[in-house]
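# Architecture at a glance
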Amino acid sequence: MQMNHNIDKAIKYLFMVFALSACISTAGTSIALCLIILFMIIRYRLKSFNLVLEAGLLRAVSLFLGTMLIAVLFSQNIRLSLDVFQGHILRILIVFIAAATIRSRQQILLLVIILAISINIDNIYAAWQYFKNPAGYRPVGFNNNATFYATHLLEITIISLVAIVDCKNLLPRYRLLFSMTVGFSFVMLVLNQTRGAWLALAAVFFAYGLINRQHWRKVIVLVLIMSFGFGTALAVSPSLQERFTSITNVKHETNTERILMWQSSLEIFKDYPLTGVGPGGFYYYYNQVYISPLAKEQGHTSPHNNLLLSLTETGIIGIIGLLYLWGYLLYFFARDYWLHPDRIWSLAALLVTVAILVQGLTDHNFQNPSIMRLYWFIIGIAFAAQIVWDCESYKES
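Notes on the structure in this doc start here. (Residues numbered from 1 in each chain as written. Predicted model: local features only at pLDDT ≥ 70, side-chain atom pairs only at ≥ 80, totals over all residues. Heavy atoms only, no water.)

### Here we look at the packing of helix 9 (residues 216-236) against helix 10 (residues 238-245)
The following threshold applies: Axis geometry follows a simple rule: fit a line to the C-alpha atoms, using only the stretch in contact for helices, then measure angles between N-to-C directions, giving values from 0 to 180 degrees. Numbering of helices and strands runs from the N terminus; a helix is a DSSP stretch of H or I covering at least four residues, while a strand is a stretch of E covering at least two. Angles below 35 degrees are treated as roughly parallel, those above 145 as roughly antiparallel, those between 65 and 115 as roughly perpendicular, and all remaining angles as oblique. By the convention used here, residues are in contact when the closest approach between their heavy atoms is within 4.5 Å.
Taken N-terminus to C-terminus, the directions of helix 9 and helix 10 make an angle of 115°; their axes are 5 Å apart at the nearest point. Here helix 9 is positioned roughly perpendicular relative to helix 10, judged by the angle of their axes. For the pair helix 9 and helix 10, the contacting residues are F230, A233, L234, A235 and V236 in the first and P238, L240, Q241 and F244 in the second.

Below is the structure:
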């Protein structure tokens, strides 16, 4: 029993390290995740491991990984595809481990607080980058590029918003922390200038207003405040104006490049319709075989669209698994929150999923390790919260 207690305590602290590293260090999350898996294996060997699996989630994940495995077996580069496949498995494992080990509302709130601290550390560094560099510079924080930083901003902004608006009996100091996180992150999201993230945030607020029956007035107030702030920033910054107006300008260079990539992706899909070229194969086939002669940029690792990336790398078979997984997550969390309005982390998971999907129409985020580790961690927190809530309801009855 003492061994089990010590292992549980170690996993709890490792999840805290994971949360703190989520926005600032991929290496930190890698080390924490590996150690968590190691301790989970020890618990399994001690026959004291009780993994609660939601049947629908297990079915959706199995279909997604199963269809991807088919694409791996028919890949043009099996070794590379296996590496990509393994990465997805490790990231999705976070959901099941979190659901099995997070056991209280207090632990859930603590992890969300640490996530807020993580993005604020990232924001401070990104703000320093912004003021240090020339006008028009897009801050990246501790990330490889501005797009990945923007996705982190979206993910943490959303769960912080839900904490502010929907979390009952939240202590004032925590409400202040989440409020500062939302404000700071929104400012950095504007300065970051990732257009797909702007569109994703707009979609999130639309979905938030539709589904939040209890606090829709608060959502409207937040939308008005942020719209005013965004409009003010546009009014005083020519570079932001240019970036904003370029969203619908098909002749803008970055938009033209995306369109050319999408056209090339469809050509790849036409030649490899069933199983694609294999996970991870887009880089070679696009840049070496299918790139348009009109394209000015080379070296892209994805077509800046999650669905087209799935089509080119895993074909029709693979995209069926992907669409089923996304559809299940949207349905499950929307239904869970609609039936149980107190399950606010299901709402957060739903909105984060909406953000990932919308931004993924013009950017690539689904195969990025740091983005998806954070995403699956949030999904894991939501499933853990459901288990905690169900256990409390059972005890009360």
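Once you've had a look at it, read on.
### What to know about the side chain of S302
As a reminder of what qualifies: We call a residue buried when its accessible area falls under 20% of the maximum for its residue type, exposed when it is over 50%, and partly exposed in between, using a 1.4 Å probe and counting protein chains only. Distance and chemistry together define a polar contact, namely a pair of N or O atoms within 3.5 Å, with one atom able to donate a hydrogen and the other to accept it when in protein, and with adjacent residues in sequence counting only for side-chain atoms on both sides.
Its location among the elements puts S302 in the loop between helix 12 (282-290) and helix 13 (306-339). The class of S302 is buried, set by a relative accessible area of 3%. Looking at S302, its side chain comes within polar contact range of the main-chain nitrogen of H304, at 3.2 Å. Only 3.4 Å separates the side chain of S302 from the side chain of H364, close enough to count as a polar contact. Discounting chain neighbours no more than four positions away, the residues touching S302 are M261, F282, L309 and H364.

### Some thoughts on the layout of surface pockets
Short version of the rule: We place a 1 Å grid over just the protein atoms. Points where a 1.4 Å probe fits but has no way out form a cavity, open points with protein on both sides within 12 Å along at least 5 of 7 lines form a pocket, and any residue with an atom within 4 Å of a point lines it. Grid points are joined across faces, edges and corners, and a volume is the space filled by probe spheres set on the points. Residues are sorted three ways: Asp, Glu, Lys and Arg are charged, Ala, Val, Leu, Ile, Met, Phe, Trp, Tyr, Cys and Pro are nonpolar, and all the rest, Gly among them, are polar.
When its volume is computed, the largest pocket comes out at roughly 510 Å³. The wall of the largest pocket is formed by 26 residues, among which R195, T254, R258, T362 and D363 lie closest to the centre. Secondary-structure elements contributing two or more residues to the lining of the largest pocket are helix 6 (146-166), helix 8 (195-211) and helix 11 (253-271). The element contributing the most residues to the lining of the largest pocket is helix 11, with seven residues. Tallied by class, the residues present in the lining of the largest pocket amount to seven nonpolar, twelve polar and seven charged.

### Some thoughts on the packing of aromatic side chains
Short version of the rule: Stacked, edge-to-face and tilted are the three classes for Phe, Tyr and Trp ring pairs, Trp counted by its six-membered ring, which pair at centre distances within 6.5 Å; planes under 30 degrees apart are stacked, over 60 edge-to-face, the rest tilted. Counted as over-ring charges are cases with an Arg CZ or a Lys NZ within 6 Å of the ring centre that also lie within 35 degrees of the ring normal.
If you walk through the whole model with that rule in mind, you get 19 aromatic pairs. With a centroid separation of 5.7 Å and an interplanar angle of 70°, the aromatic rings of Y272 and Y285 are classed as edge-to-face. Note that Y272 is positioned in the loop between helix 11 and helix 12 and Y285 in helix 12, a separation of 13 residues in sequence. Overall, Y272 belongs to the partly exposed group, its relative accessible area being 24%. For Y285, a relative accessible area of 13% gives the class buried. In textbook terms, an aromatic cluster arises when at least three aromatic residues are bridged by ring pairs, as seen for F64, W326, F366, Y375 and W376. If you follow R105 out to its NZ or CZ, it ends over the ring of W389, 3.8 Å from the centre. The positively charged end of R173 is found above the aromatic ring belonging to Y174, 5.0 Å away from the centroid.

### Regarding the packing of helix 11 against helix 12
The N-to-C vectors of helix 11 and helix 12 enclose an angle of 100°; their axes lie 11 Å apart at closest approach. Between helix 11 and helix 12, the crossing angle belongs to the class labelled roughly perpendicular. Residues M261, S264, S265, E267, I268 and D271 of helix 11 touch helix 12, and the partners they reach there are F282, Y285, Y286 and Y290. In the contact of helix 11 with helix 12, the residues fall into six nonpolar, two polar and two charged.

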